[in-house]
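Spelled out, the chains give:
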Amino acid sequence: MPPSLFNKKKSVGTEYPEELQIETTNRCNAKCNFCHHPFMKRPLTDMSDSLFEKIIKQAKEINPKFILPFLHGEMFLDKKIFDRITYINKELPTTKLSLFTNASLLDSERLAALSKIQNINLIHCSLNSYNTADYRERVGLNFEVTFDNIKELVRLNKERNFAKEILVSSVEFGKENKVKNKEYNDKFTKLITENIPGATVKVGYKYNYLGKIFSFRKFRNLRCQRLRTLCILANGLVSLCCMDMDGEYILGNANEKSLLDIYNGDLAREYRSGKKAKFIPCKQCNMI
């Protein structure tokens, strides 16, 4: 058995994921040109209440450090999202929440509800542009609405202190044009630092979505740290990792087996045991 990457205080022989990523919905209102979601083949759906509650009850045995109630979709398209994350707070009072959103739907009603949620470690707002025209081309949404939502989120957090960190991010253009890329990065960073003080700013790399989105980021042959997270799709299938948007590489079915049995199954252990070049589709992936 390879050295454990996980909670070392747990019993020998059983490995526990540090994170659970739960896809309560796989619907998204954006059409980002650096994302595979517009080409996703899976049916659009929401997770059932019974499956979600089953997952959270099993999570009490796992005691994960973090739960991420999103995966391949915009979490605020789930009409039950606040009921779900309130349920996480109740059942797992020491588990931190990491939230990811394009922020386009963070109106005053949702912001008020969000401010009442406990244990939010991070709210990651994926903005992905610094002006209206570019945002429309890259994301397909209204820049002014999203930008104002993020500003109000940060302002409200300063007032009520419900999230430890608010991160505003963008995906870079790509290293194929270093001059244009640096110009973009600088303009985006300046926009956020000057207009939304208190937010953390990040410009990240383009990832290749297992060969489906072109990226110049180089492949690195290592043991993938992303496999510490158990990724549960809306229909209950547990996918290999957060890059497997179409659910092509399945470790098990949470409707039929326990999360710990899936995580400690032969297939999941095999993927965690070696470096990326050893496996399909990992040898195509440039995410680290």
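Refer to the structure above for everything that follows.
Reference entry: report on the structure contained in this document. Each residue is numbered by its place in its chain's sequence as written, counting from 1. Reporting of local features is limited, given that this is a predicted model, to residues whose pLDDT is at least 70; pairs of side-chain atoms are given and counted only at 80 or more, and all residues count toward the totals for whole chains, interfaces and linings. As a rule here, side-chain values come from all non-hydrogen atoms in the structure, and water together with hydrogens is ignored.

### A look at the packing of helix α1 (residues 49-62) against helix α2 (residues 81-91)
In step 1: Here, axes are lines fitted to C-alpha atoms. For helices the fit covers the stretch in contact, and angles between N-to-C directions go from 0 to 180 degrees. Helical segments are the DSSP runs of H or I of at least four residues, strand segments are the runs of E of at least two, and each set is numbered from the N terminus. Remark: α1 packs on α2, axes separated minimally by 10 Å, with the N-to-C direction vectors making an angle of 25°. The angle between α1 and α2 falls in the class roughly parallel. Crossing handedness for the pair α1 and α2: right-handed. On α2, the residues that touch D49, F52, E53, I56, K57 and K60 of α1 are R84, Y87, I88 and E91. The labels follow the angle: roughly parallel below 35 degrees, roughly antiparallel above 145, roughly perpendicular from 65 to 115, and oblique for the rest. Throughout, a crossing is termed right-handed when the near helix is turned clockwise from the far one, and left-handed when it is turned anticlockwise from it by less than a right angle. In what follows, residue pairs with any heavy atoms lying within 4.5 Å of each other are defined as contacts.

### Focus: the sheet that holds strand β8 (residues 237-239)
In step 1: In space, the 9 strands of this open sheet follow the order β6-β5-β4-β3-β2-β1-β7-β8-β9, with mixed pairing throughout. Taken across any chain shown, the strands that pair with only one partner, and hence form the sheet edges, are β6 (200-204) and β9 (250-253). With strand direction ignored, the average angle separating the axes of adjacent strands in the sheet is 25°.
In step 2: The sheet contact formed by strand β7 (residues 229-232) and β8 spans 2 bridges and is antiparallel. The residue bridging C231 from the neighbouring strand is S239, located in β8. Think of it this way: DSSP has to see at least two bridges between two strands before they count as a pair.

### Some words on the state of the cysteines
In step 1: Cysteine sulfur atoms are paired as a disulfide whenever they fall within 2.5 Å. Enumeration according to the criterion identifies 0 disulfides in this entry.
In step 2: Summary of cysteine pairing: C224 is not part of a disulfide, and the nearest cysteine sulfur, belonging to C241, is at 6.3 Å.
In step 3: Among the cysteines around C242, which has no disulfide bond, C241 carries the closest sulfur, lying 5.2 Å off.
In step 4: For the exposure calls, accessible area comes from a 1.4 Å probe over protein chains only, and a residue counts as buried if that area is under 20% of its type's maximum, exposed if over 50%, partly exposed in between. Classification of C242 as buried rests on a relative accessible area of 17%.

### Some remarks on the side chain of D134
In step 1: Residue position: D134 is located in helix α4 (residues 132-138).
In step 2: Counted as positive: Lys and Arg. Counted as negative: Asp and Glu, with His and the chain ends omitted from the count. We count a salt bridge whenever a side-chain nitrogen from Lys or Arg sits within 4 Å of a carboxyl oxygen from Asp or Glu. Buried charge without a salt bridge: D134, with R138 as the nearest opposite-charge side chain at an N-O distance of 4.6 Å.
In step 3: Polar contacts, as used here, are pairs of N or O atoms within 3.5 Å; protein pairs need one atom able to donate a hydrogen and one able to accept it. Residues neighboring in sequence count only if both atoms are side-chain atoms. Polar contacts involving the side chain of D134 include one to the side chain of S129, which spans 2.5 Å.
In step 4: If sequence neighbours within four positions are ignored, D134 has contacts with N128, S129, F173 and Y184.

### Examining α2
In step 1: The buried fraction of α2 amounts to 8 of the 11 residues, a majority that puts the element mostly inside the structure.
In step 2: Taken as a whole, α2 has its buried residues at I81, F82, R84, I85, Y87, I88, N89 and E91.
In step 3: Tucked into the core, α2 has its buried residues touching α1, β2 (66-68), β3 (96-101) and α3 (108-114).

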